[in-house]
Amino acid sequence: MFRIVERQRVNPEVNRFVIEASIIAQKREPGQFVVFRLHEKGERIPITIADADAQAGTITVYVQELGKTTFEMGRMNAGDEIADVIGPLGNPTPIEKLDGEVFAIAGGVGSAEVLPIARKHKEAGNKVIAILGYRSKDIVILEEEFRSFADEVYVTTDDGSYGREGFVTTELADHLEKGRPIAEIIAVGPAIMMKAVCDLTRHYNIKTMVSLNSIMIDATGMCGVCRVEVGGETRYACVHGPEFDGHKVNFDLLLKRLASFKEEEKISLERYQAAVGDEHTPWGAQDA
Amino acid sequence: MPDTKIPRQAMPKQRPKERIRNFNEVALGFSAELAQKEAERCIQCKKPFCIEGCPVEIDIPVFIELVAEGDFESALAKIRETNLLPGVCGRVCPQEEQCEIVCVLSKRFEPVAIGRLERFVADWEIREGKMDVPSVAPSTGHKVAVVGSGPGGLTVAADLARLGHKVTLFEALHKPGGVLVYGIPEFRLPKAIVARECEILEKIGVELKLDFVVGRTATVDELFEMGYEACFLGLGAGLPWFMNIPGENLVGVYSANEYLTRINLMKAYLFPEYDTPIRVGERVIVIGGGNVAMDAVRSSLRLGAKEAHIIYRRSRKEMPARDEEIENAEDEGVIFNFLLNPVRYIGNEAGRVKQVELLKMELGEPDASGRRRPVPIEGSEYKMDVDTVVVAIGNGANPLVPSSTPGLETNKWGYIVADAETGKTTKKGVWAGGDIVTGAATVILAMGAGRKAARSMHEYLTTGEW
């Protein structure tokens, strides 16, 4: 069992958890994820590791309430135990000193996934520019953390309630037009947002890495549910990824595969909400 | 007294109409009376070929004689001398190709039902509420890491623990048993049987570390740094193969591993009580002709499919599945389509599979496997409506451990190179066996490989000679 040390609601749809997982805390590198199974009847879901404290033996994750499992997890508290935390999984992000700027682009809770990657780029001596996009002001997370090390930070909101009105691509397009010396872009967020970023940067031929959030079960290559098409070839996001060259990813297929169990997810969530008497609808569920 | 006039005793089973509505075990097992009657058929050969036919060399005539005498406790103890998984092996070993095929009785009569007797004594102990924990040699102080808790790993762990070594069994999933828990369905191998056999292992001192992905959580070299002196890799063949035909990534096209893992390990057949879903629809096709294909197609019926098809590119004669499983599938109403191969899948707007295009085949000359090669009949394509496709054509080698272990040689298919007699790999202190060495095979062959590796590892641990 893995004990939750801290739980904090950071916005109406996202919780931050600090969880005891000593080996994972010592081992993990930016870009890697864990698989959770909350309890005996739970499903296995992948969540990116946002941070870790090797000495305390804890990992930090940000979990957006999207379906039954993440909703249920949002109702767990410090002291509660998670049955299984498996990892670290996936390949670490390759990070080295680059000739040019690194743009770290995040959508929503994706900012928790981009944060450790961006920070390590900074530590490797790269100039880091962060573009963080959210739907509205009240769900902005981690802005201060990015500001603490990034060379430039831009925030966009879909509704204009904070930062610049528009999407991350609105902001990115300006930088691309100005011809900034971008060596590499890492974009993490909803599949549709990563697709939009890639469609934009493709014209500029700028290397754009994305972290694919496909459905996983074992996440060690055994089941094959997370398969994605990259450059026309089938790859497993769990063992070959999760990061891939975004210009080669078949996002349309990924979006369809992510919706595989939409109806079942709805049944499961509604059933759980009825059982716990909580009518709060997760924001993500409205979108889906 | 051996009595060859007694016919081979049939296995009582759940009736097909009932069993396709539940996930309970199909074969119900022998009663004590049936078991003794069957055991009396054994003529106690002076030179028992059956022992040679068993990859883990169970002293078959002796255990059968004890069953005939009604001393089931001693019969089980006899089996456990060489095999700590009798409940598993009695159910899933291909006995018809191993111990039973060489039974002297099979020349004139039918062979003794060795597998059913093995299963009987294992189940007898559970019914009696007993658990015979085998004795263990005094501690040697040596620490061994066994990676993967499938049949190969369980055998190595059992053998080395009984020799007095301190064994830690590392498992990536949240339950021990490997393919026994994620792959083989409840109706063929109840998970409680696997759990019990793992519990016995813990009772003899094996430490189980679940949720530990060797290659990620720690590399093999890091295990050595942690103080393990020898390491067995029983990783299984865990990377599903696809045919690389158009439409194979559509929603509703599952690998057999995904399909069976959802059902067996994650209990998707109990959704929404359990959180992992599965969607089956009315017509399911399963591509392949092995035991895994049979497991998938029979699961489909139990999940409510109106039609469940096997699509196999050769004829029934070449199907690699056990006869018993093919017959069970037939009795349950599975539709077998031979000499057919899918060429592409067609999806709807949501990216969900709705049709398969199939190509008829005919058999040509034998190929390298000795089986007649399927040859496409040009222009014979036709389409069939489907809701679900399960691709059960085998698995390749999972790259996680080989790619993170310098010095560990693999062959061109990614399987680990290991000596057939000892299981030694090209890296000092590391052994391997089972599907990760041979490619997909059977439970008992993995156990046999584990047995050989354990002998070699014991020698290394006690002499230090590689």
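Nothing here was measured: the structure is a model prediction, and the numbers come from that model.

Now for the interface of chain A and chain B. With 47 residues of chain A at the interface, the matching set in chain B holds 44 residues. Both sides of the chain A and chain B interface together cover about 3900 Å² of buried area, and 53% of this is carbon and sulfur. It is Lys41, Met222 and Arg227 of chain A in chain A that bury the most area against chain B; as a group they hold 18% of the surface buried on that side. Run the count over chain A and chain B and you get six salt bridges. Where Lys175 of chain B meets Glu40 of chain A, a salt bridge forms, and the shortest distance between an N and an O atom there is 3.1 Å. Counting across the interface, chain A meets chain B through 25 residue pairs in polar contact (both at pLDDT 80 or more). For the side of chain A that touches chain B, the secondary-structure elements that each account for two or more residues are α1 (22-27), α2 (68-73), β8 (84-89), β15 (227-230), β16 (233-236), α7 (237-240), α8 (251-258) and α9 (262-276) of chain A. If you tally residues by element for the side of chain A that touches chain B, the top one is β8 of chain A, at six residues. Of the residues in the side of chain A that touches chain B, the class split is 17 nonpolar, 13 polar and 17 charged.

One key point about sheets: their strands pair by backbone hydrogen bonds, in either a parallel or an antiparallel sense. All names here are of chain B. Reading across the sheet, the five strands line up as β6-β14-β7-β8-β9 and stay open at both edges, with parallel pairing between neighbours. A single partner strand is all that each edge strand has here, and the edge strands are β6 (253-255) and β9 (335-337). Going from strand to strand, the sheet's axes swing by 20° on average, the running direction of each strand aside. Where strand β7 (residues 283-287) and strand β8 (residues 307-311) come together, five bridges link them in parallel fashion. Among the inter-strand pairings, Ile287 is bridged to a residue of β8, identified as Ile311. Sheet strands touched by helix α13 (residues 291-302): β7, β8, β9 and β14 (388-391). Its angle to β8, the strand with the most contacts, is close to 165°.

Attention now moves to a negative patch on the surface. A contiguous patch of negative charge, built from Asp138, Asp158, Asp159 and Glu165 of chain A, is present on the exposed surface. By relative accessible area, Asp159 of chain A is classed as partly exposed at 43%.

With numbering matched to this structure, UniProt assigns "domain: Dihydroprymidine dehydrogenase" (unreviewed entry) to residues 19-128 of chain B. Between the C-alpha atoms that bound residues 19-128 of chain B there is a distance of 26 Å. The span itself is 48% helix and 0% strand.

Let us now look at the packing of aromatic side chains. Residue and element names in this part refer to chain A. If you walk through the whole model with that rule in mind, you get 13 aromatic pairs over all chains. Consider the rings of Phe71 and Tyr272, whose centres lie 6.0 Å apart with planes at 85°: the pair is edge-to-face. Highlighted residues: Phe71 in helix α2 and Tyr272 in helix α9, separated in sequence by 201 residues. Pair check on accessibility: Phe71 and Tyr272 agree, each one buried.

All names here are of chain B. Residues Thr388 and Val390 line one face of β14 and the alternating positions Val389 and Val391 line the opposite face, and both faces are buried. Both β7 and β14 contribute to a ladder of four bridges, which runs parallel. In the strand pairing of β14, Ile287 is matched with Val391.

Residues and elements named next belong to chain A. Residue position: Glu184 is located in strand β13 (residues 182-188). For Glu184, a relative accessible area of 8% puts it in the buried group. Once residues within four sequence positions are removed from consideration, Glu184 is found in contact with Leu98, Glu101, Val102, Phe103, Lys207 and Met209.

The next point concerns the UniProt feature "domain: FAD-binding FR-type" (unreviewed entry) in chain A. Per the UniProt annotation, the sites labelled "domain: FAD-binding FR-type" (unreviewed entry) are residues 1-95 of chain A. Secondary structure across residues 1-95 of chain A comprises 13% helix and 46% strand; the distance between its end C-alpha atoms is 33 Å.

Now for the domain arrangement of chain B. Residue and element names in this part refer to chain B. Each domain of chain B was delimited in the assignment, giving domain 1 (16-128), domain 2 (143-238 + 397-463) and domain 3 (241-391). The C-alpha-based centres of domain 2 and domain 3 are spaced at 30 Å. Contacts between domain 2 and domain 3 engage 13 residues on the former and 15 residues on the latter. Counting each side, the surface lost to burial between domain 2 and domain 3 is near 1200 Å², with a carbon and sulfur contribution of 56%. Between Asp295 and Arg188 there is a salt bridge whose closest N-O contact spans 2.7 Å. Counting across the domain 2 and domain 3 interface gives three residue pairs in polar contact (both at pLDDT 80 or more). When the residues that make up the side of domain 2 that touches domain 3 are grouped by side-chain class, the tally is seven nonpolar, two polar and four charged.

Further remarks concern the domain arrangement of chain A. Residues and elements named next belong to chain A. What the domain assignment reports for chain A is domain 1 (2-91 + 264-276) and domain 2 (101-211). Averaged C-alpha coordinates put domain 1 and domain 2 at centres separated by 24 Å. Of the residues lining the interface, 15 residues belong to domain 1; the matching set on domain 2 comes to 12 residues. The contact between domain 1 and domain 2 buries some 1100 Å² in all, and 61% of this surface belongs to carbon and sulfur atoms. Area buried by domain 1 at its contact with domain 2 is led by Pro30, Thr48 and Tyr62, which between them contribute 38% of it. Of the charged contacts in the structure, one is a salt bridge between Lys120 and Glu29, with a shortest N-O distance of 3.5 Å. If you look at where domain 1 meets domain 2, you find three residue pairs in polar contact (both at pLDDT 80 or more). Looking at the side of domain 1 that touches domain 2, the elements that each hand over two or more residues are β1 (2-11) and β6 (58-64).

Criteria and cut-off values
Residues numbered from 1 in each chain as written. Chains lettered and ligands numbered in written order. Predicted model: local features only at pLDDT ≥ 70, side-chain atom pairs only at ≥ 80, totals over all residues. Heavy atoms only, no water. Contact = heavy atoms within 4.5 Å. Buried area = accessible area lost by both parts, 1.4 Å probe. Salt bridge = Lys/Arg side-chain N within 4 Å of Asp/Glu carboxyl O. Polar contact = N/O pair within 3.5 Å; in protein donor to acceptor, adjacent residues only side chain to side chain. Helix = DSSP H or I, 4+ residues; strand = E, 2+ residues; numbered from the N terminus. Nonpolar A, V, L, I, M, F, W, Y, C, P; charged D, E, K, R; others polar. Pairing = 2+ DSSP bridges. Axes fitted to C-alpha atoms, helices over the stretch in contact; angles between N-to-C directions. Patch = residues over 30% accessible without salt bridge, like charges linked within 9 Å, V, L, I, M, F, W, Y side chains within 5 Å. Areas by Shrake-Rupley, 256 points an atom, 1.4 Å probe, with all protein chains shown as cover. Lys, Arg positive; Asp, Glu negative; His and termini not counted. Charge placed at Lys NZ, Arg CZ, Asp CG, Glu CD. Buried < 20%, exposed > 50% of the residue type's maximum accessible area, 1.4 Å probe, protein only. UniProt positions renumbered as here; feature names shortened; annotations may be inferred. Phe/Tyr/Trp six-rings, centres within 6.5 Å; stacked < 30°, edge-to-face > 60°. Domains from an automatic or database assignment.

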